[in-house]
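As a plain string of letters, each chain reads:
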Amino acid sequence: MARALDIPLASLLGEDGPIEPLQVLLASAPASLVQFSRSPDFQKTVEDLAERQGESVDAMRQRVLVGMVSSPQRSSGEPTEEDWRRILDAYFLILQKR
């Protein structure tokens, strides 16, 4: 999970001090989102947004993941890759206009 979210394992385990709410939120990400976040499409979108916003890729990745994991989910079943793609597209449209 830590590798997929690009955060140190110790951060997930709380060995660096108190666990931040953000870390708890990201640790609860559905497996389908973790898998989608590894895709080239996700990476490219995050890189494009980071450049447009003048943020680091890591900061933007975290920002987008938090938004996605906080988004409303299907009432039943794991979200699909297409579900995540649609949510990412919506975040791209919102963030590119800032």
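Residues numbered from 1 in each chain as written. Predicted model: local features only at pLDDT ≥ 70, side-chain atom pairs only at ≥ 80, totals over all residues. Heavy atoms only, no water.

**Some remarks on the side chain of Ser 37**
Turning to step 1, where the next piece is worked out: Relative to the helices and strands, Ser 37 resides in the loop between α4 (31–36) and α5 (40–53).
Turning to step 2, where the next piece is worked out: On the basis of relative accessible area, Ser 37 is assigned to the buried category, the value being 0%.
Turning to step 3, where the next piece is worked out: Only 3.5 Å separates the side chain of Ser 37 from the side chain of Arg 61, close enough to count as a polar contact. (Helix = DSSP H or I, 4+ residues; strand = E, 2+ residues; numbered from the N terminus. Buried < 20%, exposed > 50% of the residue type's maximum accessible area, 1.4 Å probe, protein only. Polar contact = N/O pair within 3.5 Å; in protein donor to acceptor, adjacent residues only side chain to side chain.)

**Some remarks on helix α6 (residues 57–70)**
Side chains of residues three or four places apart in an α-helix project in the same direction, reflecting 3.6 residues per turn.
Turning to step 1, where the next piece is worked out: Spanning 14 residues, α6 covers 20 Å between terminal C-alpha atoms, matching the ideal 20 Å at 1.5 Å per step.
Turning to step 2, where the next piece is worked out: Regarding α6, the residues found buried are Met 60, Arg 61, Val 64, Leu 65, Gly 67, Met 68 and Val 69. (Expected span 1.5 Å × (residues − 1).)

**Overview of the packing of aromatic side chains**
Turning to step 1, where the next piece is worked out: Taken as a whole, this structure holds 1 aromatic pair when the rule is applied.
Turning to step 2, where the next piece is worked out: Each ring, one from Phe 36 and one from Phe 42, has its centre 5.9 Å from the other, and the planes form 70°; the classification is edge-to-face. (Phe/Tyr/Trp six-rings, centres within 6.5 Å; stacked < 30°, edge-to-face > 60°.)

**A short note on the environment of Asp 89**
Turning to step 1, where the next piece is worked out: With respect to the helices and strands, Asp 89 occurs in helix α7 (residues 81–96).
Turning to step 2, where the next piece is worked out: Remark: the alpha-carbon pair of Asp 89 and Thr 45, spanning 44 residues in sequence, is separated by 8.6 Å.

**Considerations on the environment of Gln 35**
Turning to step 1, where the next piece is worked out: Inspection of the secondary structure assignment puts Gln 35 in helix α4.
Turning to step 2, where the next piece is worked out: Taking C-alpha positions, Gln 35 is 8.5 Å from Glu 81, a pair spaced 46 residues apart along the chain.

**Observations regarding the pattern of salt bridges**
Turning to step 1, where the next piece is worked out: Under the counting rule described, the total for this entry stands at 5 salt bridges.
Turning to step 2, where the next piece is worked out: A salt bridge links Arg 85 to Asp 41; its shortest N-O distance comes to 2.0 Å. Residue Arg 85 is located in helix α7, and its partner Asp 41 is located in helix α5; the two are separated by 44 residues in the primary sequence.
Turning to step 3, where the next piece is worked out: Here Arg 85 falls in the buried class, since its relative accessible area comes to 16%.
Turning to step 4, where the next piece is worked out: For Arg 63, the salt bridge goes to Glu 55, with nearest N and O atoms at 2.3 Å.
Turning to step 5, where the next piece is worked out: Residue Arg 63 is classed as partly exposed on the basis of its relative accessible area of 28%.
Turning to step 6, where the next piece is worked out: When salt bridges with common partners are traced through the structure, they connect Asp 41, Arg 85 and Asp 89 into a single cluster. (Salt bridge = Lys/Arg side-chain N within 4 Å of Asp/Glu carboxyl O.)

So, to be careful, I would describe these as geometric facts and stop short of saying anything about function.
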